[in-house]
Amino acid sequence: RFVYILSCRIFLIQRMTTFKDLKLIDAIQSALEAQGYEKPTPIQEQAIPHVLLGKDLLGCAQTGTGKTAAFAIPILQQLATGEVTRGKKQIRTLILTPTRELATQIEDNFKEYGRNLDLRSAVIFGGVNQNNQIKRLQSGIDILVATPGRLLDLINQKYINLSHIEIFVLDEADRMLDMGFIHDVKKLLTILPKKRQTLFFSATMPDSILSLANSILTNPVKVEVTPASTTAATIQQSVYIIDKNNKNLLLLDDLKKDIDDSVLVFTRTKHGADKIVRFLEKNDVKAAAIHGNKSQNARQRALDNFKSKEIKVLVATD
Ligand code: AMP
């Protein structure tokens, strides 16, 4: 009698959530594939099913966690699969965000994830001429991404009607308060329809933010993702103790070591940012500054040139 002993390896397969598990429609799934997204991030995994069910959401998440897609994907799906209204498109979703750059990024994401859908979006913010924004609004849109000042301005001028809003997103609520937008936000809340779904995101949840959240959310689902580490693991950190007078020379020296990298430099003041740019340019390093004293067009140009590697160094205030 022979006894065969079969040795077998047992593979423990840990099932990972996929976008398919989240019951996303094919049109969105293929758009995410085209973006190179393979699986949902933790905030997406936790938030998307609730948002799809129409629940209010209180999300504690920072930029970088994938929070934009966590609200953009289920919003697109709700708009795409919900009732279709005939006639001119009405604004059904409003995303309020504190900065102009964030507003642009969020609308870009809506366009990317919604590339296979028949939905239209617009972004409005201050610092640029309003005419193009008005034209876009008048052509009929489903999704509006806005910063508070320009939004109220265009509402007052009667270019925007918020009475058809079904979903409202308040993004980066803590920054919104820090930047002094609380009165604008409260004013907007009086204009929005009472019956709506509200998604509220903030990186931090101090009492002031929680009480604002409580005042505008109804039985919200709470979702929290704390970043695994506060900095990306791929970033090597160093500290230099150095005299103020030598800081620029050290920076130049460091920049010349990694000649192909894109570099972000943060300064405390706008004036300081401009000074560093002048110094770098004088030393043949292509640089641009981005801060609140720059026109919006200059800010956008600096970002575009940084992305396309036209300039190597972007010097910014916070
Ligand atoms: P956010 O936190 O929304 O600023 O997103 C941070 C970055 O993560 C953006 O560049 C997104 O395009 C990207 N991102 C979001 N979700 C995913 C995902 N599921 N897979 C890969 N990248 C993602």
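Here is what the cut-offs are and how they apply
Residues numbered from 1 in each chain as written. Predicted model: local features only at pLDDT ≥ 70, side-chain atom pairs only at ≥ 80, totals over all residues. Heavy atoms only, no water. Axes fitted to C-alpha atoms, helices over the stretch in contact; angles between N-to-C directions. Helix = DSSP H or I, 4+ residues; strand = E, 2+ residues; numbered from the N terminus. Parallel < 35°, antiparallel > 145°, perpendicular 65-115°, else oblique. Left-handed = near helix turned anticlockwise from the far one by under 90°. Contact = heavy atoms within 4.5 Å. Nonpolar A, V, L, I, M, F, W, Y, C, P; charged D, E, K, R; others polar. Near = heavy atom within 4 Å. Polar contact = N/O pair within 3.5 Å; in protein donor to acceptor, adjacent residues only side chain to side chain. Areas by Shrake-Rupley, 256 points an atom, 1.4 Å probe, with all protein chains shown as cover. Pairing = 2+ DSSP bridges. Patch = residues over 30% accessible without salt bridge, like charges linked within 9 Å, V, L, I, M, F, W, Y side chains within 5 Å. Salt bridge = Lys/Arg side-chain N within 4 Å of Asp/Glu carboxyl O. Lys, Arg positive; Asp, Glu negative; His and termini not counted. Charge placed at Lys NZ, Arg CZ, Asp CG, Glu CD.

### Concerning the packing of helix α10 (residues 247-257) against helix α11 (residues 270-282)
- Between α10 and α11, the least distance of the axes is 11 Å, while the angle of their chain directions is 55 degrees. One finds that α10 runs oblique with respect to α11. As for the relative orientation of α10 and α11, their crossing is right-handed in sense. Between α10 and α11, the residues in contact are Asn248, Leu249, Leu251, Leu252 and Leu255 and Ile276, Phe279 and Leu280, respectively.
- Here the residues of the contact of α10 with α11 sort into 7 nonpolar, 1 polar and no charged.

### As for the site of the ligand
- Around the ligand, the neighbouring residues are Phe19, Tyr37, Lys39, Pro40, Thr41, Gln44, Thr63, Gly64, Thr65, Gly66, Lys67 and Thr68.
- The contact in question runs from an oxygen atom of the ligand to an N or O atom on the backbone of Gly64, over 2.6 Å.
- The contact in question runs from an oxygen atom of the ligand to an N or O atom on the side chain of Thr68, over 2.6 Å.
- When the ligand sits alone it has 510 Å² of accessible area, and the protein chains cover 69% of it.

### Considering the sheet that holds strand β1 (residues 57-60)
- Across the sheet, which stays open at both edges, the 7 strands sit in the order β3-β4-β2-β5-β6-β1-β7 with parallel pairing between neighbours. At either end of the open sheet lies a strand with only one pairing partner, and these are β3 (121-124) and β7 (221-224). On average, each strand axis in the sheet is tilted by 15 degrees relative to the strand beside it, whichever way the strands run.
- The sheet contacts of helix α5 (residues 131-138) involve β3 and β4 (143-146), and relative to β3 the element is tilted by about 155 degrees.

### A word on a positive patch on the surface
- Where like charges cluster on the molecular surface, the positive patch consists of Lys244, Lys247, Arg268, Lys275, Arg278 and Lys282.
- In terms of residues, the positive patch owes the most to one element, α11, which gives 3 residues.
- Tracing the sequence through the fold places Arg278 in helix α11.

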